[in-house]
Structures are given as C-alpha cells and as structure tokens.
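Next come the chains, spelled out residue by residue.
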Amino acid sequence: MEHYKYIKAQDSEVYDALIGEEERERTGIELIPSENYVSLAVREAEGSVLTNKYAEGYPGRRYYGGQQYTDVVETLAIERAKQLFNCAYANVQPLGGAAANVAMYFALMEPGDTVLGMDLSHGGHLTHGHPTTSINKVFNFVRYKMKDVDTGEIDYEHLRQMALKHKPKIILAGFSAYSRELDYAKFVAIAKEVGAYTVADVAHIAGLIAAGALRNPFDDGFDVMTTTTHKTLRGPRGGMILVRESEDLAKRINKTVFPGVQGGPHMHIIAAKAVAFGEALHPRFKIYAVQVLKNAKAMEQVFKAHNIRLLGGGTDNHLLLADVYGSLGITGAEAEAVLDEVGITLNKNMIADEPRTALDPSGIRFGTPAMTTRGMGEGEAAALAELMIRTLNAKDDPVEKAKIKAQVQQLCEQFPVPPAFV
Ligand code: DSN
C-alpha cells in the first residue's frame, strides 16, 4: 500500500514527518498508558469526507442542511456508546477529555460551586481543578488523597469529612496516574449524604470498563461519566459524556456541549468514534481488555522482583507508577530520556507527595494498552519490563544500550503496527 500519495506529491515537509512518525511507532514500544494504536478502519473514518461538513445541533435537529449522513454516523456512535456503557444517554461531540469535563462542569454547576476531586499529585488530572487551569477560576475545587500511597487505598473517611465540610455539587472519581480500582459505591453513598452528583472521569479506563474487565461506575449508581475515546477505548482522539438515566441531566449536558462551549462537531471524528465503538462491541475487544490487565500484572511482577517501589503497591488496571528515583537513584526525566534512547517510550511522572519537581520528578508512568494492541502477551510484557530495568541500570553504558535497542527492535518486528482488526 502506498502511503500518503497526495501529501507526498504536494508537501514533502509534512510527508517526511508522517513517515518519520510511522517509523517511530513501528520500531519502538509505546508504553505511555494514555496512548494506543487505532485500527485502519478508524483511520479511514478520520480521514474521510465528513471533515467537510458543518453539523451544529444534534441528529434530527441541525442548523444547516445536508445532514442525511452526519445523522447516520452520529446516531450510530450514540447508540453504540449507550450499549457499551449500559446507560441511557451519550453525547459524542466533545472534542477531547478536557472539553468534556468543562461542559460537564457547566452543565451540572453554577459558577462558584464546589467540586471534590482527586489530588493531582495522588493521581488526579489537570482538568480536575489544578490551579493552573482556567476552569479553576470559575469553580471551587477541593481535593481528596490516598490514605496509604503504598496500597493506593483512597481515604474514604477523609473524603466523607471533606464532602460534609465543603458541600460539593460534584464528587469526582477518576484519574490519570492511579493504578488501583476505586470503590464507586462508597463515592455514591457519600454523595447521597451531601446531595452531590457523582461523576466518574474514566478517560484512562473506558475501554476496560466497556469490555467488562473493570467495574462500571454506573452499576454502582454514578450519575455521569466523562471520557476520552482514544486511550483504552482505542478510538479517534476525542471525548464523550455519558448519563446513566437522568433525562434532565442529559438535556443540560447536550445544551452545554452545543451551543454552550463548542461549535460545529467534528463529524469525521464522530464517524471514527462509531467505528471504534463497533470494534469495542466485538467479543475480541473483551479478550484485548483482559490481556491489557494481565500484561500490566506481568510487568508489576518483574518490577517487584527487582524491589522497585510501585506507587499503590502494584496495579489493578492498565498502568503502573514506579518510584525510580527512590529505588534506583535515577530521576523520572533521566529515566524517560534513556528509555527513549532504546526505543521504549513512557513518561516521567510525579509520585504522591513528590519530593522533587514536576519537571524532574521521582517517577515514571507506563502501561500496556498499546503493546497489547500489537498482540503482545505476558511473556513480552515481562521481557519488556526486564529490558526497562536493564536500561535504567545502563544509563551511562552505550554498548549495553545498543544491545537493548536491538532487542526492542527485534520484538517490535514480530508485532507490527498499525493493526487491522478484520
Ligand atoms: N494526557 C493524558 C494522560 O496522559 O493521562 C491525560 O489527559
């Protein structure tokens, strides 16, 4: 197959960058836990003719003409999302996870209202009210933490005390760097006591929930979920808001997404969401999700065997956080750089109660969604974990690093990207 025929003919600079990225993805291992490889079908939809179309509004209620086909793909995306997450309403128009969260906040609250969310340094996300974000100027964010950073258990009693004290409108469960399962029923019980909405930001684990590999917060009575569609859900880059049963909340969310905070939806991306959700409904997606968890466990075991401290004591999901500074004396930034040299991509990350800085923290965060999409299993996950640790111990040894890089490439050649699922 000839790639990018037209780009090649008219724009060599962009063409070279695209080919370079293909080569990078093909010859290296992607362990950033928020990334994945979409199928060729999803990419076809993203590159489709629907990028040409304005479609403000919702299926059957649009502001412009010519919506015969936009309505088809958006309705498919909505219906498939509802089926995947067992809920009554879905808005598939948010342009990303941050946009979904902003719309959700404005739909459920008035300016000045309070959100009780997870502390960023304990695994929460920037969009959960970090002081540097604009949304922090509009709403009041208060934070809960883990009780014990070495087991990952949330301090639910502290969470309850915070809820009683601050009377939040939203209690937010969700994270971007937390490796344990949450006790959603406890969140719901506390929210009921104080009359708060329960929202789960499941951006990282949406695919695992959709496949039934992790618990669905709606089963414990959560009101709303926000998510991205490009992480474990393995769809195009974008966002989504789901509502368990309240028609009133669903209407408020629809109005807030459009015209509240967004204009024309990206219909090519919505078509790609529909395709990805179709893939996630297939039985083989369940096998994928279960394998993601098994692969993360296999990596956990290797890190534990080498006595490297894992935040939360290990993992119940797709990601791990290792305190490489505390365990090996190498900083997160140094670890990220040296692993990149051998073709293993992950990110430096703060650990709970970080003693260093955000730009040069103690930890690294890594996970298994992308490597599992390539078809790798527990044997490869364990082998990769061993290669990672060898690399961290060989920071200043070019010969050893060259050997490891060759082994990484050899492994990659056996598991090609991009995947075609048909
Ligand atoms: N940037 C994403 C992550 O890596 O977790 C979250 O927005």
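(A) Geometry of the overall build of the protein chain. The number of helices and strands found in the protein chain is 16 helices and 16 strands. In summary, the protein chain has a C-alpha radius of gyration of 22 Å against a globular reference of 22 Å for 422 residues, a match within 12%. Seen through its C-alpha atoms, the protein chain measures out along the principal axes to roughly 60 × 60 × 40 Å. With 422 residues in all, the protein chain has 56% of them scored as buried. When the accessible surface of the protein chain is summed, it comes to about 17700 Å², and 52% of that surface belongs to carbon and sulfur atoms.

(B) Quick look at helix H7 (residues 184–194). Residues of H7 that are buried include every one of Tyr184, Phe187, Val188, Ile190, Ala191 and Val194, and no others. Down the axis of H7, the buried set is contained in an arc of 165°. They therefore lie on one face. Directly beyond the C-terminal end of H7, a positive phi value near 70° is found at glycine 195.

(C) Local environment of the environment of asparagine 36. Mapped onto the secondary structure, asparagine 36 falls in the loop between strand E1 (29–30) and helix H3 (40–46). Judged by its relative accessible area of 15%, asparagine 36 is buried. The spatial distance from the C-alpha of asparagine 36 to the C-alpha of glutamate 22 is 14 Å, given a sequence separation of 14 residues. Among residues more than four places away in sequence, those in contact with asparagine 36 are His230, Lys231, Thr232, Arg234, Tyr288, Pro369, Ala370 and Thr373. Only 2.9 Å separates the side chain of asparagine 36 from the side chain of tyrosine 288, close enough to count as a polar contact. In terms of polar contacts, asparagine 36 uses its side chain to reach the side chain of threonine 373, at 2.7 Å.

(D) Structural context of empty space enclosed by the protein. Applying the stated criterion across every chain yields a total of one cavity of 30 Å³ or more. Approximately 30 Å³ is the volume found for the largest cavity. If you trace the largest cavity, you find it lined by Phe175, Arg180, Glu181, Leu182, Tyr184, Ile205, Leu214 and Asn317. When its residues are assigned to classes, the lining of the largest cavity shows five nonpolar, one polar and two charged.

Definitions and cut-offs
- Residues numbered from 1 in each chain as written.
- Predicted model: local features only at pLDDT ≥ 70, side-chain atom pairs only at ≥ 80, totals over all residues.
- Heavy atoms only, no water.
- Helix = DSSP H or I, 4+ residues; strand = E, 2+ residues; numbered from the N terminus.
- Rg over C-alpha atoms; globule rule 2.2 N^0.38 Å.
- Buried < 20%, exposed > 50% of the residue type's maximum accessible area, 1.4 Å probe, protein only.
- Areas by Shrake-Rupley, 256 points an atom, 1.4 Å probe, with all protein chains shown as cover.
- Arc of directions from axis to C-beta.
- Contact = heavy atoms within 4.5 Å.
- Polar contact = N/O pair within 3.5 Å; in protein donor to acceptor, adjacent residues only side chain to side chain.
- 1 Å grid on protein atoms, 1.4 Å probe; cavity = no way out; pocket = protein on both sides within 12 Å on 5 of 7 lines; lining within 4 Å.
- Points joined across faces, edges and corners; volume = space filled by probe spheres on them.
- Nonpolar A, V, L, I, M, F, W, Y, C, P; charged D, E, K, R; others polar.

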